[in-house]
Amino acid sequence: MVEVKVLIEGYTSADSGEEKICATISLIKDGDNKIVVDPGVLENQKMLVDKLKEGGLSISDITAVFLTHSHIDHYRNIGMFPEAKTLEYYGLWDRNTVRDYQEQFSENIRIIKTPGHSYDALTFLVKTADGVVAVCGDVFWEKDLPEEDIYASDKEKLKESRKIVLESADWIIPGHAGIYKAK
Ligand SMILES: [Zn+2]
């Protein structure tokens, strides 16, 4: 049974006008894999511990932390999971060793490169009973937004990546908001 859920819905300073930012923090469960995607930056880390606890999980149950890209609002809390492996653009880390990852990470999780917002952006496509969920980081910050990504490293590549994400997914978990239907 595969499950993807948003643990903490992200936000950006564009929403509130305040300088408060956090990435959307998600959980993927696929068999033995218990993965936190983008551990974010929070006012306090207990918020994330509590969210995991609600789902019957503790920090040590998390087998891997996946990063959609290397902007600090998406990864500042990575140190919360010292036992977990870490997956990012350059590979799969196990403590101080790194090796290549398989595009098909597990039966139901596929990793694709979706550059444009940043050169090192990954999207995680998870096959669930309700369709494919794309955890896409800042390919989309929110539903269909931003129209113009002022931080994009490559606007043309971002356009392409957005198209691929929309074509591959039934549901999208964006970088800074809750899950929404792709079409
Ligand atoms: Zn970003």
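Summary of the structure given here. (Residues numbered from 1 in each chain as written. Predicted model: local features only at pLDDT ≥ 70, side-chain atom pairs only at ≥ 80, totals over all residues. Heavy atoms only, no water.)

## A look at the overall build of the protein chain
Item 1. When its secondary structure is counted, the protein chain shows four helices and 13 strands.
Item 2. At 15 Å, the protein chain has a C-alpha radius of gyration in line with the 16 Å of a compact globule built from 183 residues.
Item 3. In the protein chain, which comprises 183 residues, the proportion classed as buried is 48%.
Item 4. When the accessible surface of the protein chain is summed, it comes to about 9,500 Å², and 50% of that surface belongs to carbon and sulfur atoms.
Item 5. Side chains of the protein chain give 22 positive and 32 negative charges; the mean places of these two sets differ by 3 Å. (Helix = DSSP H or I, 4+ residues; strand = E, 2+ residues; numbered from the N terminus. Rg over C-alpha atoms; globule rule 2.2 N^0.38 Å. Buried < 20%, exposed > 50% of the residue type's maximum accessible area, 1.4 Å probe, protein only. Areas by Shrake-Rupley, 256 points an atom, 1.4 Å probe, with all protein chains shown as cover. Lys, Arg positive; Asp, Glu negative; His and termini not counted. Charge placed at Lys NZ, Arg CZ, Asp CG, Glu CD.)

## Thoughts on the pairing of strand S6 (residues 91-94)
Item 1. Strand direction decides the pairing type here: strand S5 (residues 85-88) and S6, joined by three bridges, are antiparallel. When the sheet's bridge partners are listed, Leu 87 is paired in S6 with Leu 92.
Item 2. Connecting S5 to the next strand, S6, in antiparallel fashion are two residues.
Item 3. For S6 and strand S7 (residues 97-99), the ladder comprises three bridges, and the chain directions are antiparallel. Across the sheet, residue Trp 93 finds its bridge partner in S7, namely Val 98.
Item 4. Adjacent in sequence and paired antiparallel, S6 and S7 are bridged by two residues, among which Arg 95 carries a positive phi angle near 55°. (Pairing = 2+ DSSP bridges.)

## A short note on the sheet that holds strand S4 (residues 64-66)
Item 1. Strand order in the open sheet formed by seven strands is S1-S2-S3-S4-S5-S6-S7, and the pairing between neighbours is mixed. In the strand order of this sheet, the two ends are held by strand S1 (2-8) and S7, each with one partner. Across the sheet, the axes of successive neighbouring strands diverge by a mean angle of 20°, strand direction being ignored.
Item 2. Lying over the sheet, helix H2 (residues 46-54) contacts S1, strand S2 (25-30) and strand S3 (33-37), oriented at roughly 145° with respect to S1. (Axes fitted to C-alpha atoms, helices over the stretch in contact; angles between N-to-C directions. Contact = heavy atoms within 4.5 Å.)

## Here we look at the coordination of the zinc ion
Item 1. Looking at the zinc ion, one finds its protein donor set to be His 69 (NE2), His 71 (ND1), His 117 (NE2) and Asp 138 (OD), positioned 2.2 to 2.3 Å from the metal centre.
Item 2. The coordination sphere of the zinc ion comprises four donor atoms, whose angles at the metal cover 89 to 172°; the geometry is irregular.
Item 3. Mapping the donors of the zinc ion onto the primary sequence yields the spacing H-x1-H-x45-H-x20-D. Placement of the pair is His 69 in the loop between S4 and helix H3 (72-75) and Asp 138 in the loop between strand S11 (131-137) and helix H4 (155-168), with a sequence separation of 69 residues. No difference in accessibility class separates His 69 from Asp 138, as the two residues are buried. (Donors = N, O, S within 2.8 Å, 3.2 Å for Na, K, Ca; no water. Tetrahedral: all angles 85-135°; square planar, octahedral: opposite > 155°, others 65-115°.)

## Comments concerning H4
Item 1. The terminal C-alpha atoms of H4 lie 20 Å apart, and with 14 residues this matches the ideal 20 Å at 1.5 Å per residue to within 8%.
Item 2. In the core, the buried residues of H4 are packed alongside strand S10 (122-128), S11 and strand S12 (171-174).
Item 3. Where H4 begins, the capping side chain belongs to Asp 154, and its oxygen is found 3.1 Å from the backbone nitrogen of Glu 156. (Expected span 1.5 Å × (residues − 1). Polar contact = N/O pair within 3.5 Å; in protein donor to acceptor, adjacent residues only side chain to side chain.)

## Remarks on the packing of aromatic side chains
Item 1. All chains considered together, the criterion is met by five aromatic pairs.
Item 2. Centre to centre, the rings of Phe 66 and Phe 124 are 4.8 Å apart; their planes meet at 45°, and the pair counts as tilted. Remark: Phe 124 occurs in strand S10 and Phe 66 occurs in strand S4; sequence separation between them is 58 residues. For the pair shown, Phe 66 and Phe 124 are each scored as buried.
Item 3. Clustering of aromatic rings is evident, with ring pairs tying together Phe 66, Phe 105 and Phe 124.
Item 4. Above the face of the Tyr 89 ring, Lys 113 is positioned so that its terminal group lies 5.3 Å from the ring centre.
Item 5. Across the ring face of Trp 171, the terminal group of Lys 181 is positioned such that the distance to the ring centre comes to 4.7 Å. (Phe/Tyr/Trp six-rings, centres within 6.5 Å; stacked < 30°, edge-to-face > 60°. Lys NZ or Arg CZ within 6 Å of the ring centre and 35° of its normal.)

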